[in-house]
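# Observations on the three-dimensional arrangement
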Amino acid sequence: MSQRMRGEIEWGWRRALIGRRGAHFRYVTLSPMAHRYSNLDPSHRPHSASSVWRWAVTDRLLGRRRRCPPGPAARWVAADLELIHEDSKRPRLTWIGHSGFLGTLDGASFLVDPVFSPRIGGVYRRCCPPGLRETDLPQLHTVLVTHNHYDHLDAASIDGLSPSVPAVVPEGLGGWMRRRGRPVVELGWWQSTRVGPLDITLVPARHWSRRRINDTNCSRWGGYVVRAGEHAVYHAGDTAWFPGFSEIGRRLGPLTAAMLPIGGYDPAWFMERQHLNPEQAGQAWLELGAIWMVPMHWGSFRLTDEPLSEPRARLHEWWAENVDDDHSRLTDPAVGETVILGGTRDT
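Residues numbered from 1 in each chain as written. Predicted model: local features only at pLDDT ≥ 70, side-chain atom pairs only at ≥ 80, totals over all residues. Heavy atoms only, no water.

Moving on: the packing of helix α8 (residues 278-288) against helix α9 (residues 310-322). Where α8 meets α9, the axes come as close as 8 Å, and the angle between the chain directions of the two elements is 50°. In terms of their interaxial angle, α8 and α9 are classed as oblique. In the packing of α8 onto α9, the handedness of the crossing is right-handed. For the pair α8 and α9, the contacting residues are Pro278, Glu279, Gly282, Gln283, Trp285 and Leu286 in the first and Pro311, Arg314, Leu315, Trp318 and Trp319 in the second. Classifying every residue of the contact of α8 with α9 gives 7 nonpolar, 2 polar and 2 charged. (Axes fitted to C-alpha atoms, helices over the stretch in contact; angles between N-to-C directions. Helix = DSSP H or I, 4+ residues; strand = E, 2+ residues; numbered from the N terminus. Parallel < 35°, antiparallel > 145°, perpendicular 65-115°, else oblique. Left-handed = near helix turned anticlockwise from the far one by under 90°. Contact = heavy atoms within 4.5 Å. Nonpolar A, V, L, I, M, F, W, Y, C, P; charged D, E, K, R; others polar.)

Structural data, given as structure tokens:
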């Protein structure tokens, strides 16, 4: 039995046990996994314990899950450290891998969901090196965390940053940062804070949170819009499709770039409640009205059943059929590559 399968089975057992305990003790007032925060869409319901067990154990043992080699990971390039440390106001994004980015707007640098570790949750190994290491980073104004899942909030990566770098997190997650001695600002959906020249707003997403067995939905989740000067970028965090992308663009646009997740969708019957597929991500980009799309959440860790490079191929197919351009607005960086927004890529 592979380490990945053992991890899924353990996770499935835990989800099943939580559901049974929740149903026994909280049936009157709460659904098994809606302990505190919930999504805007009241029709969204977390999977039942039996569905989790089917996904993690039954379908795999019966051969119903897609079985295929992981295939090639995302392309990796050595980071251009001179560009990353450039003392200028040129807006730019560097892909660390998965959902992690280093951004610079109006000369101020920030991280979103950085993961530098070789594994997440002790189970899923990294399939290509991170695009940056902690020692490569410029001076940071802040680090943003979209939610508490291990592939977005990595303790070793946060602890490796200077303790003076403040964090911005969804409400309910501030205590995790404070226990590590880090200054923190907690935000609810549509709430904003300012760090240096950066205006940071937490926006809704359709997802959920959990870090331990008994803390499901005890902290909020979301995406961020970061604005400075003439530019604003949107990072979706983890999200399924929901009718909120156009509102984000309307309320906080115009958006220079949208970082949207395209992987983590197979099997669709289970994953579509929490992740976008590539075609949905493309449609979300259209509804946001952003100039550029930057795909993420693919190619670094194999968390679901699709091959590592399939999300990128599907996105390019969708783009060719639905967007009337020559892919010039699809900024598709390699891990470690820096995209200059409004200019050309550095490699």
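What follows concerns the packing of aromatic side chains. Here the structure, examined in full by the defined rule, presents 8 aromatic pairs. When the centroid spacing of 6.1 Å and the interplanar angle of 70° are considered together, the rings of Trp318 and Trp319 count as edge-to-face. We note that Trp318, like Trp319, is buried. Among the aromatic residues, those joined into a ring-pair cluster are Trp55, Trp269 and Phe270. A cation sits over an aromatic face here: Arg54 above Trp269, 3.7 Å from the ring centre. (Phe/Tyr/Trp six-rings, centres within 6.5 Å; stacked < 30°, edge-to-face > 60°. Buried < 20%, exposed > 50% of the residue type's maximum accessible area, 1.4 Å probe, protein only. Lys NZ or Arg CZ within 6 Å of the ring centre and 35° of its normal.)

Bringing α9 into the picture now. The end-to-end C-alpha distance of α9 is 18 Å, a good match for the 18 Å that 13 residues give at a rise of 1.5 Å each. Turning to α9, its buried residues are Pro311, Leu315, Trp318 and Trp319. Down the axis, α9 shows its buried residues gathered within 100° of arc, on one side only. When the buried face of α9 is taken as reference, the exposed residues oriented beyond 90 degrees from it are Glu317, Ala320 and Glu321. (Expected span 1.5 Å × (residues − 1). Arc of directions from axis to C-beta.)

The next point concerns the nonpolar core. In terms of nonpolar packing, the biggest core is built from 58 residues, with Val226, Tyr234, Leu260 and Met293 touching the most fellow members. Counting 20 residues, the second-largest nonpolar core is a separate cluster that includes Leu111, Leu132, Leu161 and Leu173. (Core = buried A, V, L, I, M, F, W, Y, C linked by side-chain atoms within 4.5 Å.)

Attention shifts here to the environment of Arg92. Along the chain, Arg92 falls in strand β1 (residues 92-97). Given the relative accessible area of 3%, Arg92 is considered buried. Arg92 sits 246 residues away from Thr338 along the chain, and the two C-alpha atoms are 6.5 Å apart. Residues in contact with Arg92, not counting those within four places in the same chain, are Leu83, Ile84, Glu86, Leu102, Gly103, Thr104, Thr338, Val339, Ile340 and Leu341. Here Leu83 takes part through its backbone oxygen, which lies 3.3 Å from a polar atom of the side chain of Arg92. Engagement of the side chain of Arg92 in a polar contact is seen with the side chain of Ser88, the distance being 3.5 Å. (Polar contact = N/O pair within 3.5 Å; in protein donor to acceptor, adjacent residues only side chain to side chain.)

What the 7 strands build is an open sheet, ordered β8-β7-β6-β3-β2-β1-β15; its pairing is mixed. Each edge of the sheet is formed by a strand with only one pairing partner; in this case those strands are β8 (184-187) and β15 (338-340). Strand-to-strand twist of the sheet, defined as the mean angle between neighbouring strand axes without regard to direction, takes the value 20°. Pairing geometry for strand β2 (residues 100-105) and strand β3 (residues 108-112), over 5 bridges, is antiparallel. Counterpart to Leu102 in the pairing with β3 is Leu111. (Pairing = 2+ DSSP bridges.)

Moving on: the pattern of salt bridges. This structure, assessed with the given rule, holds 20 salt bridges. When the shortest N-O distance is used, the salt bridge between Arg220 and Glu171 registers 2.7 Å. On the criterion of sequence distance, the pair formed by Arg220 in the loop between β10 (198-203) and β11 (223-228) and Glu171 in the loop between β7 (167-170) and α5 (174-178) is long-range, its members being 49 residues apart. Judged by its relative accessible area of 13%, Arg220 falls in the buried class. Sharing partners across several salt bridges, the network here consists of Arg66, Asp266, Glu279, Glu310 and Arg314. (Salt bridge = Lys/Arg side-chain N within 4 Å of Asp/Glu carboxyl O.)

So, about the pairing of β1. Burial analysis of β1 places 6 of its 6 residues in the buried class, the great majority of the element. Both β1 and β2 contribute to a ladder of 5 bridges, which runs antiparallel. When the sheet's bridge partners are listed, Thr94 is paired in β2 with Leu102. Connecting β1 to the antiparallel partner β2 that follows it, the hairpin turn spans 2 residues, and His98 within it adopts a positive phi of roughly 55°. In this sheet, β15 lies alongside β1 in antiparallel orientation, the contact comprising 3 bridges. Bridge pairing links Arg92 to Ile340 in β15.

Where helix α6 (residues 245-252) meets α8, the closest approach of the two axes is 7 Å, and the angle between their N-to-C directions is 30°. Considering their axes alone, α6 and α8 lie roughly parallel with respect to each other. Crossing of α6 against α8: the hand is right-handed. Taking contact as the criterion, the partners of Phe245, Ser246, Ile248 and Gly249 in α6 are, on α8, Ala284, Glu287 and Leu288. Looking at the contact of α6 with α8 residue by residue, the classes come out as 4 nonpolar, 2 polar and 1 charged.

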